[in-house]
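Here are the chains, one letter per residue:
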Amino acid sequence: MTKAAKQPRVLCVGIPVRDLTFRIEAVPDRGNKIPASAYGEICGGNALNAAIGIARLGGKARMCGPMGDAEEAASRFIFDKLAEEGIDSSGLIHMPGLVTPISAVLVDTSGERTIVTFRDPGLWKVTLQDADALLSDCDAILTESRCASFVTPLCAAAAQRSASAQRAAGSVATTPAACSASSKSSVAAGELTLISPVLALIVKGLLGVPLAMLKLSGPFSGSVAWTVPTTVPTADFSGMEKV
């Protein structure tokens, strides 16, 4: 009997967004009012979109980061959607009195988008859960670079943990690059991979490396290159943000 492949476990750190999408003929001039031909409401945010992609391609994703007050509608909507996708939301933290980010997304007939987003500045004051708890069942971290102010200690703990594992195994540890807002590359660090930029959807070496093109549908259209494993069927990415 063939042993089942282990599901890669990815901790996705970021700030979820509630996207309100409007299909329009063209962006209106200043001071004008126009009707929309269609409306939709979806989850957004780079790390959250990556978590959906990981889950749909057979991985296990856990979301981590700040959310608005537990009583606000946007917060409840996002938790419901994460549950539908089978994504662990236990790493998300409610920030009392704050607002979960929300975007108005105008999509014209060419598929181009124009976005207005509100992110409560207080969200960046979040303190994440204990690093040991977040990293206890984790193969990789995917982080939004905008979250450097609160995710850097977690990345440092992950790098230290990986280096310790390498030394215990008798291998030579590599020196990981710093996790910062300007980081643009993925950094191998032993058993963990620290990933930034935010749109590195699938962790290299975890779900595979062959490059494929997936069609986006739903509120957005167009093509985008993702890293897709040859052993996992192409997933349906309807309703996800355009890159």
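Let me begin by describing the structure that accompanies this report. Note that this is a predicted model, so its numbers are computed, not measured. (Residues numbered from 1 in each chain as written. Predicted model: local features only at pLDDT ≥ 70, side-chain atom pairs only at ≥ 80, totals over all residues. Heavy atoms only, no water.)

### Topic: the overall build of the chain
Quick note on the threshold: Per the convention used, a helix needs a DSSP run of H or I reaching at least four residues, while a strand needs a run of E reaching at least two, with both numbered from the N terminus. Remark: exposure states derive from per-residue accessible area (1.4 Å probe, protein chains only) relative to the maximum for the residue type, with buried under 20%, exposed over 50%, and partly exposed in between. Any two residues whose heavy atoms approach within 4.5 Å at even a single point are treated as in contact. The method behind every accessible area is Shrake-Rupley, applied with a 1.4 Å probe, and residues are considered shielded solely by the protein chains displayed.
Helix and strand content of the chain: four helices and 12 strands. Here the chain, with 243 residues, has 45% of them falling under the buried criterion. Long-range contacts, defined here as pairs at least 24 residues apart, represent 67% of the contacts in the chain between residues at least 6 apart. When the accessible surface of the chain is split by element, carbon and sulfur atoms take 55% of a total near 12100 Å².

### Here we look at the sheet that holds strand 3 (residues 38-44)
Rule in force here: Here the rule is simple: two strands pair whenever DSSP picks up at least two bridges between them. Interaxial angles span 0 to 180 degrees and are taken between N-to-C directions of axes, which are lines fitted to C-alpha atoms, for helices over the stretch in contact.
With respect to topology, four strands assemble into an open sheet ordered 3-2-6-7, the strand pairing being mixed. Strand pairing shows two members of the sheet lacking a second neighbour, strand 3 and strand 7 (113-118), which therefore form its edges. The sheet shows a mean angle of 20° between the axes of neighbouring strands, taken without regard to direction.

### What about the environment of Ser-110?
How we decide: We call two N or O atoms a polar contact when they sit within 3.5 Å, provided that within protein one can donate a hydrogen and the other can accept it, with sequence-adjacent residues counted only if both atoms are side-chain atoms.
For Ser-110, the location among the structural elements is in the loop between strand 6 (102-107) and strand 7. Side chain to side chain, Ser-110 and Asp-108 meet in a polar contact 2.6 Å long. Within the structure, Ser-110 has its side chain in polar contact with the backbone nitrogen of Glu-112 (distance 3.4 Å).

### Structural notes on the packing of aromatic side chains
Quick note on the threshold: Pairing of aromatic side chains requires ring centres within 6.5 Å, counting the rings of Phe and Tyr and the six-membered ring of Trp. Pairs whose planes differ by under 30 degrees are stacked, by over 60 edge-to-face, and all others tilted. Working rule: Lys NZ or Arg CZ, within 6 Å of ring centre, within 35 degrees of ring normal, means a charge sits over the ring.
Counting across every chain of the model gives one aromatic pair. An angle of 50° between the planes, with centres 5.3 Å apart, marks the rings of Phe-22 and Tyr-39 as tilted. Taken as a pair, Phe-22 in strand 2 (residues 17-23) and Tyr-39 in strand 3 lie far apart in primary sequence, 17 residues in all. Above the plane of the ring of Phe-77 lies Arg-18, whose end atom (NZ or CZ) is 5.7 Å from the centre.

### So, the pattern of salt bridges
For clarity, the cut-off: When a carboxyl oxygen of Asp or Glu lies within 4 Å of a side-chain nitrogen of Lys or Arg, that pair is called a salt bridge.
Counting across every chain of the model gives seven salt bridges. A salt bridge links Asp-139 to Arg-9, with the nearest nitrogen and oxygen atoms 2.9 Å apart. Remark: Arg-9 occurs in strand 1 (residues 9-13) and Asp-139 occurs in the loop between helix 3 (131-135) and strand 8 (140-143); sequence separation between them is 130 residues. Glu-144 is the salt-bridge partner of Arg-146, the closest N and O atoms lying 2.7 Å from each other. Under the relative-accessibility criterion, Glu-144 is labelled buried at 1%. Three or more residues are tied together by salt bridges with common partners; here these are Arg-9, Asp-137 and Asp-139.

### What to know about the pairing of strand 8
Residues Ala-140 and Leu-142 of strand 8 are buried on one face, and the alternating residues Ile-141 and Thr-143, pointing to the opposite face, are buried as well. In terms of strand pairing, strand 1 meets strand 8 through four bridges, oriented parallel. Note that in strand 8 the partner of Val-10 across the bridge is Ala-140.

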